[in-house]
Amino acid sequence: MFFAFFRVFISALVIPVILILTATKSYGVGFETLPKKQFNVLLFTKNEGWHHKSKTNAVKAIKGLANKHHFNLVWHEESHYFNDKYLANVDVVIFLLTTGDILNTQEQKAFERFIKSGKGFVGVHSASDTEYDWPWYQRLVGRSFSIHPVIQTAVLSKVANTSFIGLNHMPQQMLWTDEWYEFGPELSKLNYLLTVDEQSYNPHVDWGNNKIGKGMGAFHPISWYQNYDGGRSFYTALGHTSAVYNSEFLTEHIFGGIYWAATGKGLNKK
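Quick look at the structure, then.

Parameters at a glance
Residues numbered from 1 in each chain as written. Predicted model: local features only at pLDDT ≥ 70, side-chain atom pairs only at ≥ 80, totals over all residues. Heavy atoms only, no water. Helix = DSSP H or I, 4+ residues; strand = E, 2+ residues; numbered from the N terminus. Buried < 20%, exposed > 50% of the residue type's maximum accessible area, 1.4 Å probe, protein only. Areas by Shrake-Rupley, 256 points an atom, 1.4 Å probe, with all protein chains shown as cover. Axes fitted to C-alpha atoms, helices over the stretch in contact; angles between N-to-C directions. Parallel < 35°, antiparallel > 145°, perpendicular 65-115°, else oblique. Left-handed = near helix turned anticlockwise from the far one by under 90°. Contact = heavy atoms within 4.5 Å. Nonpolar A, V, L, I, M, F, W, Y, C, P; charged D, E, K, R; others polar. Expected span 1.5 Å × (residues − 1). Phe/Tyr/Trp six-rings, centres within 6.5 Å; stacked < 30°, edge-to-face > 60°. Core = buried A, V, L, I, M, F, W, Y, C linked by side-chain atoms within 4.5 Å. Lys, Arg positive; Asp, Glu negative; His and termini not counted. Salt bridge = Lys/Arg side-chain N within 4 Å of Asp/Glu carboxyl O. Polar contact = N/O pair within 3.5 Å; in protein donor to acceptor, adjacent residues only side chain to side chain. Pairing = 2+ DSSP bridges.

## A word on the overall build of the chain
Phase 1: The number of helices and strands found in the chain is six helices and 13 strands.
Phase 2: Residues counted as buried form 53% of the 270 residues belonging to the chain.
Phase 3: For the chain, the accessible area works out to roughly 13500 Å², and carbon and sulfur atoms hold 57% of it.

## Observations regarding the packing of helix H2 (residues 55-69) against helix H6 (residues 248-263)
Phase 1: Relative to each other, H2 and H6 sit at 65°, their axes nearing to 10 Å. Judged by the inter-axis angle, H2 sits roughly perpendicular to H6. In this structure, H2 crosses over H6, and the sense of that crossing is right-handed. Of the residues in H6, those touching H2 at Ala61, Ile62, Leu65, Lys68 and His69 are Glu248, Thr251, Glu252, Ile254, Phe255 and Ile258.
Phase 2: The class makeup of the residues in the contact of H2 with H6 is six nonpolar, two polar and three charged.

## Some words on H2
Phase 1: For H2, spanning 15 residues, the distance from its first C-alpha to its last is 21 Å, which sits close to the expected 21 Å at 1.5 Å a residue.
Phase 2: Those residues of H2 that are buried are in contact with strand S1 (40-44), strand S2 (72-76), strand S3 (92-96) and H6.
Phase 3: Positioned one or two residues after H2, His70 has a phi angle of 60°, which is positive.

## Quick notes on the environment of Ile258
Phase 1: Relative to the assigned elements, Ile258 resides in helix H6.
Phase 2: Taking relative accessible area as the criterion, Ile258 reaches 0% and is therefore assigned buried.
Phase 3: Discounting residues that sit within four places of it in the chain, Ile258 has contacts with Phe39, Val41, Leu65, Phe71, Val92, Ile94 and Val122.

## As for the packing of aromatic side chains
Phase 1: Scanning the entire structure with this criterion turns up 33 aromatic pairs.
Phase 2: Centroid distance Trp134 to Trp136: 5.6 Å. Interplanar angle 25°. Geometry classified as stacked.
Phase 3: Exposure remark for Trp134: the relative accessible area of 4% places this residue in the buried category.
Phase 4: When its relative accessible area of 7% is taken as the criterion, Trp136 is described as buried.
Phase 5: Centroid distance Phe164 to Phe234: 5.8 Å. Interplanar angle 10°. Geometry classified as stacked. Within this pair, whereas Phe164 is found in the loop between strand S6 (152-158) and strand S7 (173-178), its partner Phe234 is found in strand S13 (residues 231-236), the two being separated by 70 residues in sequence.
Phase 6: On the accessibility criterion, Phe234 (0% relative accessible area) is buried.
Phase 7: Members of the aromatic cluster, connected to one another through ring pairs, are Phe44, Phe82, Phe95, Phe111, Phe114, Phe121, Trp134, Trp136, Tyr137 and Tyr228.

## Describing unusual backbone geometry
Phase 1: A positive phi angle, close to 65°, is found at Asn210, a residue other than glycine.
Phase 2: Positive phi is not limited to glycine here, since Asp229 has a value of about 50°.
Phase 3: Locating Asp229 in the fold gives a position in the loop between strand S12 (221-228) and S13.

## Remarks on the nonpolar core
Phase 1: If you look at the biggest cluster of nonpolar residues, it comprises 75 residues, and the most contacted ones within it are Ile94, Phe95, Leu96, Phe111, Tyr137, Tyr245 and Ile258.
Phase 2: Broken down by element, the residue count for this core peaks at seven residues, all from H6.
Phase 3: Non-local contacts of Phe95, meaning those with residues more than four positions away in its chain, are made with Phe44, Phe82, Ile102, Leu103, Phe111, Phe121, Val122, Gly123, Val124, Ala127, Thr130 and Tyr137.

## A word on the side chain of Lys46
Phase 1: Within the secondary structure, Lys46 sits in the loop between S1 and H2.
Phase 2: At 4.1 Å, Glu48 is the nearest oppositely charged side chain to Lys46, a buried residue that forms no salt bridge.
Phase 3: Among the polar contacts listed, one links the side chain of Lys46 to the backbone oxygen of Ile102, at a separation of 3.2 Å.
Phase 4: For Lys46, the contacting residues outside a window of four places in its chain are Glu77, Ser79, Thr98, Thr99 and Ile102.

## A short note on the pattern of salt bridges
When charged atoms on two side chains of opposite charge get close, those side chains can pair.
Phase 1: If you walk through the whole model with that rule in mind, you get six salt bridges.
Phase 2: Between Arg113 and Asp84 there is a salt bridge, with its nearest N and O atoms 3.1 Å apart. Note that Arg113 is positioned in helix H4 (residues 105-116) and Asp84 in helix H3 (residues 84-87), a separation of 29 residues in sequence.
Phase 3: By relative accessible area, Arg113 is classed as partly exposed at 44%.
Phase 4: Overall, Asp84 belongs to the partly exposed group, its relative accessible area being 43%.

## Points about the pairing of S3
Phase 1: With five of five residues buried, S3 is to be regarded as a mostly interior element.
Phase 2: Here S3 shows two buried faces, one formed by Val92, Ile94 and Leu96 and the other by Val93 and Phe95.
Phase 3: Pairing between S1 and S3: four bridges, direction parallel. From the neighbouring strand, Leu43 faces S3, where its bridge partner is Ile94.
Phase 4: Direction of pairing for S3 relative to strand S4 (residues 120-124): parallel, over a ladder of five bridges.

Here it is as structure tokens:
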């Protein structure tokens, strides 16, 4: 009976140890285990605020881009991957539908070093509704989300004379249904790509507590890119609803940002 009890006791100890070792081994599994492709992309979707129901379809769409355009993609919601060792194998970080305060101070510093080393960032939709207390990040995105009216159809336009080839597949103007963000002031020097015509929808909104949106006027930017602090940053405010991720207009627009952020290529010479 003693030996039977001993075997049970040892098993009770060994199984948790095996689980711990297995978890430790897989903790940092990443790009070094993947086949060689044109570049490596970390997809990050952590939320500490509003959670978009479109996240599932959005992630599926980005995975589709990885398959179509032959780049490695690893998806995480755990912020501990923002460390120098893990990010060393990453070319671009995508903040997809992120919200709130999602990185601690140590992780923020690692991400800053990542960008300063010449790497890339892509922000989609609520990436501008993220990390309001981190000024460096706010400048990386370029403008901060302020407010939005109800989802509406509006006229989306390409900025004239842009050299960004990530827009080549889009018409000069098109009707688009989305959640139209109103932004605060420009925080860094931005190259604008898309605008929305406020005459084509109602930008007015009142959230109470003196939180009122009246639009941004004649020039209402929706997407832009910039060189920032040694690296590259692309942002698009499109992408609130699940349905829009079924559109190649959006997915190829995002891929244009990924490609440029990863390689620095994709700008036509004027």
